[in-house]
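Take a look at the letters that make up each chain.
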Amino acid sequence: MSTYRDFAHRGTARATVLRTVGTRERRSLLTAPRVPTVGIDIGGTKVMAGVVDPDGNILEKLRTETPDKSKSPRVVEDTIVELVLDLSDRHDVHAVGIGAAGWVDADRSRVLFAPHLAWRDEPLRDAISSRLAVPVMVDNDANAAAWAEWRFGAGRGEDHLVMITLGTGIGGAILEDGRVKRGKFGVAGEFGHMQVVPGGHRCPCGNRGCWEQYSSGNALVREARELAAADSPVAYNIIDRVKGNVHDITGPLITELAREGDAMCIELFQDIGQWLGVGIANLAAALDPSCFVIGGGVSAADDLLIGPARDAFRRHLTGRGYRPEARIAKAQLGPEAGMVGAADLARLVARRFRRANRRRVERHERYERYAQAIRTARPTQEPRTTQEPPS
């Protein structure tokens, strides 16, 4: 009969095995070959590609607009391939990592759903690798950004880290003990689609009231355009800046005006930051990380955004005053984090590719040695001479 001690021993042994597996995965990624790889970051508005060295340094970077989402996925694939081939003309590329703004399956091969792109169960890895001469790795863009910040940026030294990327929408990722937590089906960390306002603004994902509809680049621009379209007195400055063309209002313009002291733009960032802090407090209650890293294009607003977020976080944190508070830090790698992380994660694929190539070379060399040995062992035959007929 099994005793409690038996079960406790088995549980301890299993935990030891799991820790060993996790350490091995972490070590394998950190000791991947020190070769240059290409990282691709695909968002709702831009595609960024760059060659990254093993220390996270960007050797060269290219950027282009994301093809219109009404076009076929093939158009986006063409853009990726063209960027990689362009970079390959000047660099020895060993692998390609793609950070996609969407839900990537557990095998990191298919994009199951992308709210801002026309990808639905898209076999992106195979589609790209079939057109390139190097292996391809696909992951969620926020996972890639979180990995980059943990390896090279604001998350260095943290054992439990949550990344929140503010761009066209909101992406998210969880790192625990140096491993990206992707979940059973690969779609963990989609914090932007937590519903925070029942019946609220419609989200491209199909639901209403998602967090990213209140704290993202789209939310910031939407609010500014609505005030300008309503000819609000507080919007006169930005209306004058765009000469009355409301559609010319962009996130960078709002950031610029806020830094210049425009009251409306500062207030918009405060609103976005308040919603950001509420969401972070909810995530702290669920995940209890030691650090939140805030990245993405909107994070360029610095304390215009991070300050209000910290204030709201402290006000809404459950058990406030009686528990340690997670650190909230701005990402250090900026908008290149997803690209750098994708390239770094691709280095593990590069190692497998290099091993396979080495085995093929070794087999070819063995065959050549065997063939040479056969030729050497074969007796030399004297050439036959033709006897001339007597005259």
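Thresholds applied
Residues numbered from 1 in each chain as written. Predicted model: local features only at pLDDT ≥ 70, side-chain atom pairs only at ≥ 80, totals over all residues. Heavy atoms only, no water. Pairing = 2+ DSSP bridges. Helix = DSSP H or I, 4+ residues; strand = E, 2+ residues; numbered from the N terminus. Axes fitted to C-alpha atoms, helices over the stretch in contact; angles between N-to-C directions. Contact = heavy atoms within 4.5 Å. Salt bridge = Lys/Arg side-chain N within 4 Å of Asp/Glu carboxyl O. Buried < 20%, exposed > 50% of the residue type's maximum accessible area, 1.4 Å probe, protein only. Phe/Tyr/Trp six-rings, centres within 6.5 Å; stacked < 30°, edge-to-face > 60°. Patch = residues over 30% accessible without salt bridge, like charges linked within 9 Å, V, L, I, M, F, W, Y side chains within 5 Å. Areas by Shrake-Rupley, 256 points an atom, 1.4 Å probe, with all protein chains shown as cover. Polar contact = N/O pair within 3.5 Å; in protein donor to acceptor, adjacent residues only side chain to side chain. Parallel < 35°, antiparallel > 145°, perpendicular 65-115°, else oblique. Left-handed = near helix turned anticlockwise from the far one by under 90°. Nonpolar A, V, L, I, M, F, W, Y, C, P; charged D, E, K, R; others polar.

Looking up the chain in an unreviewed UniProt entry gives the name ROK family glucokinase, with the organism given as Streptomyces scopuliridis.

Colleague: Got a minute to help me understand the sheet that holds strand β8 (residues 136-140) in this structure?
Modeller: Working definition: the strands of a sheet are paired by backbone hydrogen bonds and lie parallel or antiparallel to each other. Judged by pairing direction, the sheet is mixed, and its 5 strands sit side by side in the order β3-β2-β1-β4-β8 without closing on themselves. The open sheet has two edge strands with one neighbour each: β3 (58-65) and β8. When strand polarity is set aside, the average angle formed by the axes of neighbouring strands in this sheet is 15°. Summarising the sheet, strand β1 (residues 37-42) and strand β4 (residues 96-100) pair through 5 bridges and their orientation is parallel. Bridge pairing in β4 links Gly-39 to Gly-97. Together, β1, β4 and β8 form the strand contacts of helix α4 (residues 141-152), whose direction differs from that of β8 by roughly 95°.

Colleague: What exactly am I supposed to notice about the pattern of salt bridges here?
Modeller: A side chain with one charge may pair with a side chain of the opposite charge, provided their charged atoms come close. Counted under the stated rule, the structure contains 22 salt bridges. Across the salt bridge formed by Arg-327 and Glu-158, the nearest N and O atoms sit 2.9 Å from each other. A residue pair is termed long-range when its members are at least 10 positions apart, and Arg-327 in strand β13 (residues 327-330) and Glu-158 in the loop between α4 and β9 (160-166) qualify at 169 residues. What makes Arg-327 partly exposed here is its relative accessible area of 37%. Look at Glu-158 and you get buried, because its relative accessible area is 15%. The partner of Arg-222 in a salt bridge is Glu-223, with the nearest N and O atoms 3.1 Å apart. Overall, the relative accessible area of 19% leaves Arg-222 in the buried class. On the accessibility criterion, Glu-223 (27% relative accessible area) is partly exposed. Overlapping salt bridges, with partners in common, bring together Glu-60, Asp-86 and Arg-90 in one network.

Colleague: Hey, could you run me through the packing of aromatic side chains in this one?
Modeller: Any aromatic ring pair is given by two values, namely how distant the centres are and how the planes are angled relative to each other. All chains considered together, the criterion is met by 4 aromatic pairs. With a centroid separation of 5.1 Å and an interplanar angle of 45°, the aromatic rings of Trp-147 and Trp-150 are classed as tilted. One end of the pair is Trp-147 and the other is Trp-150, both in helix α4 and 3 residues apart, which spans about a single turn. Here Trp-150 falls in the buried class, since its relative accessible area comes to 8%. Summarising the aromatic geometry, the rings of Tyr-214 and Trp-275 are spaced 5.1 Å apart at their centres and angled 40° between planes, so their arrangement reads as tilted. Taken together, the residues Tyr-214 in the loop between β11 (179-180) and α5 (217-229) and Trp-275 in helix α8 (residues 263-287) connect sequence positions 61 residues apart.

Colleague: Would you explain a nonpolar patch on the surface in this entry?
Modeller: Residues Leu-112, Phe-185 and Val-187 make up a contiguous nonpolar surface patch of roughly 260 Å² in combined accessible area. Relative to the assigned elements, Phe-185 resides in the loop between β11 and α5. Overall, Phe-185 belongs to the exposed group, its relative accessible area being 61%.

Colleague: Teacher, can you tell me more about the side chain of Glu-212 here?
Modeller: The topology assignment puts Glu-212 in the loop between β11 and α5. Engagement of the side chain of Glu-212 in a polar contact is seen with the backbone nitrogen of Ile-170, the distance being 3.1 Å. Beyond its immediate stretch of four places on either side in the chain, Glu-212 contacts His-116, Gly-169, Ile-170, Gly-192, His-193, Cys-203, Pro-204 and Ala-219.

Colleague: I would appreciate a short explanation of the environment of Arg-74 in the present structure.
Modeller: Structurally, the position occupied by Arg-74 is in helix α2 (residues 73-88). Here Arg-74 falls in the partly exposed class, since its relative accessible area comes to 47%. Distance in space between the C-alpha atoms of Arg-74 and Trp-119 is 9.8 Å, their sequence separation being 45 residues.

Colleague: For this particular structure, what's the right way to read the packing of α8 against helix α9 (residues 303-316)?
Modeller: The packing of two helices is summarised by the inter-axis angle and the distance between the axes. Between α8 and α9, whose axes approach to 6 Å, the crossing angle comes to 40°. In terms of axis orientation, α8 runs oblique to α9. Regarding α8 and α9, the two cross each other, and that crossing is right-handed. In this structure, α8 uses Ile-266, Phe-269, Gln-270, Ile-272, Gly-273, Gln-274, Leu-276, Gly-277, Val-278, Ile-280, Ala-281 and Ala-284 to contact α9, whose residues at the interface are Leu-304, Leu-305, Pro-308, Ala-309, Ala-312, Phe-313, Arg-315 and His-316. The residue inventory of the contact of α8 with α9, partitioned by class, reads 14 nonpolar, 5 polar and 1 charged.

Colleague: Looking at this structure, how should I read the pairing of strand β10 (residues 170-176)?
Modeller: Two faces make up the sheet, and in a regular strand the side chains alternate between them. Counting buried residues in β10 gives 6 out of 7 residues, a clear majority hidden from the surface. In the sheet, β9 pairs with β10 via 7 bridges, with the strands oriented antiparallel. Bridge pairing in β10 places Leu-166 opposite Ile-170. Between β9 and the antiparallel strand that follows it, β10, lie 3 residues. Pairing between β10 and β11: 2 bridges, direction antiparallel. What sits directly across from Glu-176, in β11, is Arg-179.

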